[in-house]
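Residue-level structural notes
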Amino acid sequence: MKILKTQTLRGPNYWSIRRHKLVVMRLDLEDLADKHSNEIAGFYDGLIQVLPTLIEHHCSPGHRGGFLERVQKGTMMGHIIEHIALELQELAGMPVGFGRTRETATPGIYNVVFEYVEEQAGRYAGRAAVRLCTSLVETGTYPAEELEHDINDIKELYATAALGPSTDTILKEVEARRIPWLPLNARVMIQLGYGIHQKRIQATLSSHSGILGVELACDKEGTKNILKDAGIPVPRGTVIQYLDDLEEAIREVGGYPIVIKPLDGNHGRGITIDINSWVEAEEAYDLASAASKTRFVIIERYYKGSDHRVLVINGKLVAVAQRIPAHVEGDGRSTIEQLIEITNKDPNRGDGHDNILTKITVDRTSSSVLSRQGYKLDSILDKGQIAYLRATANLSTGGIAVDRTDDIHPENIWLCQRVAKIIGLDICGIDVVSPDITKPLREVDGVIVEVNAAPGFRMHAAPSKGLPRNIAAPVLDMLFPPGTPTRIPIIAITGTNGKTTTTRLTAHICRQTGKTVGYTTTDGIYIQEYLVEKGDNTGPVSAAVILKDPTVEMAVLECARGGILRSGLAFDTCDIGIVLNVAADHLDLGDINTVEQMAQVKSVVAETVNGDGYAILNADDPLVAAMAAKVKGKVAYFAMNPDNPLIIEHIRRGGLAAVYEGGYLSILEGEWTLRLEEAVHIPVTMGGLAPFMIANALASSLACFAQGIDIELIRQGLRTFKPGADQTPGRMNLFDLGGYHALVDYAHNPHGYEAVGGFVKNWQGQKIGVVGGPGDRRDEDLILLGKLSAQFFDYILVKEDQDRRGRESGEVADLIAKGIVSENPEAQYQIILDETVAVNLALEQASQSHGSLMVVFPESVDQTIALIQQRQGS
């Protein structure tokens, strides 16, 4: 078995509209291609011995053990690898369940598709599954230590990439509310929402977090002074930078007991509490100084009581947790070291922040805390006796949390909400020490010891004891108050031909509304009329540029086949999904071998339309029209033929459509007919002579109408959109060269040739064609290009692309010539492989025939246009 290729999908895709995060492995099963699992001696027994948990996989039988039944009866090896890859992720703590395995048109080559939670962990699981199956085939087993190593590696990859418990808590609520989110490539920031409506978070800092409040909270002494001046109970304290000042500082705060902590610390690092002697104070000073970036150390009076974390969001108290330092409870026979090991075996404890609780670590600090209690690691505690391993109660050092939200006194609620306002934090964690949180702080000598920006959510969302609190909800209510949009309108466009022109026309019409429009095409990423990035930008990465831009109010996104197959779409849903047509192009590439399969790829755009949106489908194309059956939203059709039976029935049922009738582009809705404009007055239709451009304009107009754009603005957009080499390079660019014309179009497949042919046939005068085709197209497609050329042109020059895509020199040209001769044995043609030479010769010939038309289907659009413009300026 051999992995030929691995790719990851991150959005709605060819394999699944709902499951976005998928690994696709292309496998060569080699000698196992014709063997099923029941034909391999010992395979089934070895599999259930290595992974008995596969009993939980239902598979197609639909019941527990169903998958293993299929293995025992015989199933293909790719299918088994799929299930093992899923199970390895499950064993590493990642819930996954979706998978597909399909044989390709190449015998022995399979696509194995399975879900992942974290990309690198999913890829590793796929490789490990192949290794495991290979070992079972060759030896009948897989070493237990290897399996353990695989699972641990997957866990480590998952933990390394994890966003953290606070971010994860917020994102779960984000997804529950169907708010789109995108990771940003800086400082683990997350974007919530699209375009102009976006907000950002970084852990529990948000777009609303003010830098003054955050900076103040990081200055522990400054925070205490501000609060003290406002009448808030805070510990007596002072700040020093040198050990020589420690003795005086202790006297200043009233003597022992004291707390020593770094001025700029966090997560409880470098803090020592309840210090009662000079020896302890010196040791604590060294610890705090080492943990402080500035070497400044806070000396405070120690106040007895329980440690509480109060969470205030948007000025309102939402949760309270009592924090208890890391500790163990004696059983009368185990040492403290053994009790730590037992405690750390709790499945809720993990390393760092990757679980509800953190494992307790043994270090210098824990040994010191034990020593102050009179214990060592080998001490045996009596049953029920408690030994603390940390002086501070941070969860990150092994502490636990008990929810006390319902117990806090109303005056303390008022006090904490006031503190958050004074410091200026939208999300605020307040550390309160009080012997009884149910009573006002002033009555029990309680104090507010710290105010924290970016407080952790873990203790509130998953307390060790008590009721979990949905603290993410008030964060999102703050960022997106009820009625606030999180998405911008998205119009997605796909099809075999016409995508770029339709995208540009649609964006142009949308701009008539006065909104900022971002769009992606095969020639670049644009915001309004400004080019963001030049090149073929029709995939999800380019779409994300638009969706991440905070100035964009509407997105018009060209979605090509390649991006959908390689990565999926960049968005989970769209408001309008246009499918222009499906034709034979790019077949036998990426395991898409038939036009029907290509239609499934294009259908992803239509199927992603949301429930309130519209799929705009070509009623004249049966493959496109059939996509309506899978659309979850509404459907509107466009057609060049107003008598199309599908259009007639759709309108009879009160549906929405656009048709070309009587020379006009018209919108039909129920009994109403709204004539937009006569085709001859719409520049993109080239005076009404280009039928496929009329179809593109119908689709664009219908999409904008369905989006709610005023019909007068649609008319204005149709009249003012003037395609040309500058605006739509390679899309029906017609040049007037005086006594003759030149047309440049990037058509490179039979459907595209036919579309241009509709215009050429209407031309009065000699027609000269410079034709070619990409080398990675099928022989029959290239022959068909020749046949179509013979139907349109009086004289043909056959050239070749410089990038022959695996073909020998002259091979493509010979196939096209074969098609020309088969269509018209008397056809006049000439093979000139160099595109530049062919274009110049065709221009020369056209210049000698008044009223002639020279058409080029170029590889290099820019170079061809430059050659023509040289003639235009001469």
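Residues numbered from 1 in each chain as written. Predicted model: local features only at pLDDT ≥ 70, side-chain atom pairs only at ≥ 80, totals over all residues. Heavy atoms only, no water.

**Some details on the overall build of the chain**
Our working definition: Segments assigned H or I by DSSP are reported as helices when at least four residues long, segments assigned E as strands when at least two residues long, and all are numbered from the N terminus. Buried means the residue's accessible area, taken with a 1.4 Å probe over protein chains only, is under 20% of the maximum for its type, while exposed means over 50%, and partly exposed covers the values in between. By definition in these notes, contact holds between two residues if any of their heavy atoms fall within 4.5 Å. Charge counting treats Lys and Arg as positive and Asp and Glu as negative, with His and both chain ends excluded. Here the site of a charge means NZ on Lys, CZ on Arg, CG on Asp, or CD on Glu.
When helices and strands are counted, the chain shows 29 helices and 38 strands. Overall size of the chain, expressed as C-alpha extent along the three principal axes, is 110 × 70 × 55 Å. For the chain, with 874 residues in total, the buried portion stands at 55%. Considering only contacts within the chain whose residues lie at least 6 apart along the sequence, 66% involve residues at least 24 apart. If you average the places of the 85 positive and of the 111 negative side-chain charges in the chain, the two averages end up 4 Å apart.

**Remarks on the packing of helix α25 (residues 750-760) against helix α26 (residues 779-792)**
The angle between the axes and the distance between the axes are what describe a pair of packed helices. Inclusion rule: As a rule, the C-alpha atoms of each element are fitted with a line to give its axis, helices using only the stretch in contact, and angles between N-to-C directions run from 0 to 180 degrees. Oblique is the label for any angle not covered by the other classes, which are roughly parallel (under 35 degrees), roughly antiparallel (over 145) and roughly perpendicular (65 to 115). For this classification, Asp, Glu, Lys and Arg are treated as charged, while Ala, Val, Leu, Ile, Met, Phe, Trp, Tyr, Cys and Pro are nonpolar and the rest, including Gly, are polar.
With their axes 10 Å apart at the nearest point, α25 and α26 run at an angle of 5 degrees to one another. On the basis of the axis angle, α25 is roughly parallel to α26. Here Pro750, Tyr753, Glu754, Gly757 and Val760 of α25 come into contact with α26, specifically with Asp781, Leu784, Leu785, Leu788, Ser789 and Phe792. The class makeup of the residues in the contact of α25 with α26 is seven nonpolar, two polar and two charged.

**Here we look at the environment of Asp229**
With respect to the helices and strands, Asp229 occurs in helix α8 (residues 220-229). For Asp229, a relative accessible area of 70% corresponds to the exposed category.

**Comments concerning empty space enclosed by the protein**
Filter applied, for reference: Within this scheme a cavity is a closed region of a 1 Å grid, computed over the protein atoms alone, that accommodates a 1.4 Å probe without allowing it to escape, whereas a pocket is open but has protein on both sides within 12 Å along at least five of seven lines; lining residues each have an atom within 4 Å of a point. Grid points are joined across faces, edges and corners, and a volume is the space filled by probe spheres set on the points.
The full count for this structure, using the stated rule, is two cavities of 30 Å³ or more. Estimates place the volume of the largest cavity at around 90 Å³. If you trace the largest cavity, you find 13 residues lining it, with Lys220, Thr223, Lys224, Val449 and Glu450 closest to the centre. Those elements that place two or more of their residues in the lining of the largest cavity are α8, β12 (297-301) and β21 (447-453). For the lining of the largest cavity, the per-class residue count stands at seven nonpolar, one polar and five charged. Of the volumes computed, that of the second largest cavity is approximately 70 Å³. Lining the second largest cavity are 15 residues; nearest its centre among them are Thr538, Gly539, Pro540, Cys559 and Leu569. Those elements giving two or more residues to the lining of the second largest cavity turn out to be α18 (540-548), β26 (554-558) and α19 (561-566). Grouping the amino acids of the lining of the second largest cavity by side-chain chemistry returns nine nonpolar, five polar and one charged.

**So, the pattern of salt bridges**
Pairs can form between side chains of opposite charge once their charged atoms are near each other. What counts is decided by this rule: In the sections that follow, a salt bridge refers to a side-chain nitrogen of Lys or Arg positioned within 4 Å of a carboxyl oxygen of Asp or Glu.
Using the criterion set out here, one finds 44 salt bridges in the structure. In this structure, Asp431 and Arg309 form a salt bridge, with 2.6 Å as the shortest nitrogen-oxygen distance. In this pair, Asp431 sits in strand β20 (residues 427-434) while Arg309 sits in strand β13 (residues 306-313), placing the two residues 122 residues apart along the sequence. Owing to a relative accessible area of 7%, Asp431 belongs among the buried residues under this scheme. The class for Arg309 is buried, based on a relative accessible area of 6%. Between Lys439 and Asp436 there is a salt bridge, with its nearest N and O atoms 4.0 Å apart.

**Here we look at the nonpolar core**
A general trend in soluble globular proteins is that nonpolar side chains are found buried together. So the rule is basically this: Here, nonpolar core means buried Ala, Val, Leu, Ile, Met, Phe, Trp, Tyr and Cys residues that are tied together by side-chain atoms lying within 4.5 Å of each other.
Grouped together as the largest cluster of nonpolar side chains are 72 residues, with contacts concentrated most on Ile578, Ile616, Phe638, Met732 and Val756. When neighbours within four sequence positions are excluded, Ile616 is seen to be in contact with Ile576, Gly577, Ile578, Val579, Ala636, Phe638, Ala699, Leu702, Ala703 and Ala706. In this structure, Ile564, Ala606, Val624 and Ala639 belong to the second largest nonpolar core, which totals 47 residues.

**What to know about the side chain of His327**
Note the threshold: In protein, a polar contact requires one atom able to donate a hydrogen and another able to accept it; more generally it is a pair of N or O atoms within 3.5 Å, and residues adjacent in sequence count only if both atoms are side-chain atoms.
Examined against the element boundaries, His327 turns out to sit in strand β15 (residues 327-329). Polar contacts involving the side chain of His327 include one to the main-chain carbonyl oxygen of Pro325, which spans 2.8 Å. Apart from the residues within four sequence positions on either side, His327 is in contact with Ile360, Ile386, Ala387, Tyr388, Leu389 and Ile400.

**Description of the sheet that holds strand β3 (residues 99-103)**
Either a parallel or an antiparallel arrangement is found when strands of a sheet pair, and the pairing is made through backbone hydrogen bonds. Applicable threshold: Strand pairing requires that DSSP identify at least two bridges connecting the strands.
Taken in spatial order, the four strands line up as β1-β2-β4-β3 in an open sheet, and their pairing is antiparallel. Where the open sheet ends on each side, the last strands, each with one partner, are β1 (2-10) and β3. On average, each strand axis in the sheet is tilted by 15 degrees relative to the strand beside it, whichever way the strands run. Where helix α4 (residues 119-139) meets the sheet, its contacts fall on β1, β2 (21-28) and β4 (109-115), and the angle it forms with β1 comes to roughly 155 degrees.

**Side note on the packing of helix α1 (residues 43-50) against α4**
Operational definition: Here a crossing is taken to be left-handed if its near helix is turned anticlockwise relative to the far helix by less than a right angle, and right-handed if that turn runs clockwise.
The contact between α1 and α4 brings their axes to 9 Å, and the two run at 135 degrees. Classified by the angle their axes make, α1 and α4 are oblique. The two elements α1 and α4 cross, and the hand of that crossing is right-handed. On α4, the residues touching Phe43, Gly46, Leu47 and Val50 of α1 are Leu132, Cys133, Leu136 and Val137. Grouping the constituent residues of the contact of α1 with α4 by class yields seven nonpolar, one polar and no charged.

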